Amino acid sequence: MRYKLTFVAGLALGYVIGTRAGRERYEQLKKSARQVAQNPAVRNTVESAAQTGREAAGKAYHSVSDKVGEKFGEVGEKMPASVAARVRSLKERSGAGEDDWGTSNT
């Protein structure tokens, strides 16, 4: 419920700011946001955070798969067949070297 209330409050605030500022101010804000997003320092930070997230996800995957009996593509006795099939499909997808957005993992 708290998240819904926060979303509605943000929506109302955005509407009020948008109607008061007008189109010109909107374009200024849009231009500023684009400049920030294209800043090399920001892009490097975003890529670094993404890489760190991928590494953490890989470590978590290996930790969990070791605990439930999934090793080197063999299904352990502890893992249900449906989960093992999903893990195999994710492994096959991740082998392509691209994430869900079609960008490289480098």
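Residues numbered from 1 in each chain as written. Predicted model: local features only at pLDDT ≥ 70, side-chain atom pairs only at ≥ 80, totals over all residues. Heavy atoms only, no water.

Regarding the overall build of the protein
Secondary structure summary: the protein contains 3 helices and 0 strands in total. Considering only intrachain contacts with a sequence separation of at least 6, the fraction spanning at least 24 residues in the protein is 26%. Put simply, the protein shows about 9,100 Å² of open surface, and 60% of that area lies on carbon and sulfur atoms. (Helix = DSSP H or I, 4+ residues; strand = E, 2+ residues; numbered from the N terminus. Contact = heavy atoms within 4.5 Å. Areas by Shrake-Rupley, 256 points an atom, 1.4 Å probe, with all protein chains shown as cover.)

Looking at the pattern of salt bridges
Overall, the coordinates contain 1 salt bridge when judged by the stated rule. For E47, the salt bridge goes to R54, with nearest N and O atoms at 3.1 Å. (Salt bridge = Lys/Arg side-chain N within 4 Å of Asp/Glu carboxyl O.)

Digging into a nonpolar patch on the surface
Side chains of F7, V8 and L11 sit close together on the surface and give an oily, nonpolar patch of about 330 Å² of accessible area. For V8, the position within the fold is in helix 1 (residues 2-38). (Patch = residues over 30% accessible without salt bridge, like charges linked within 9 Å, V, L, I, M, F, W, Y side chains within 5 Å.)

Some thoughts on the confidence of the model for the protein
Looking at the protein as a whole, the pLDDT averages 75, with 75% of positions reaching at least 70. Looking over the protein, one finds the lowest element-wise mean pLDDT in helix 3 (residues 81-94), namely 75, and the highest in helix 2 (residues 40-68), namely 84. (pLDDT = per-residue confidence, 0-100.)

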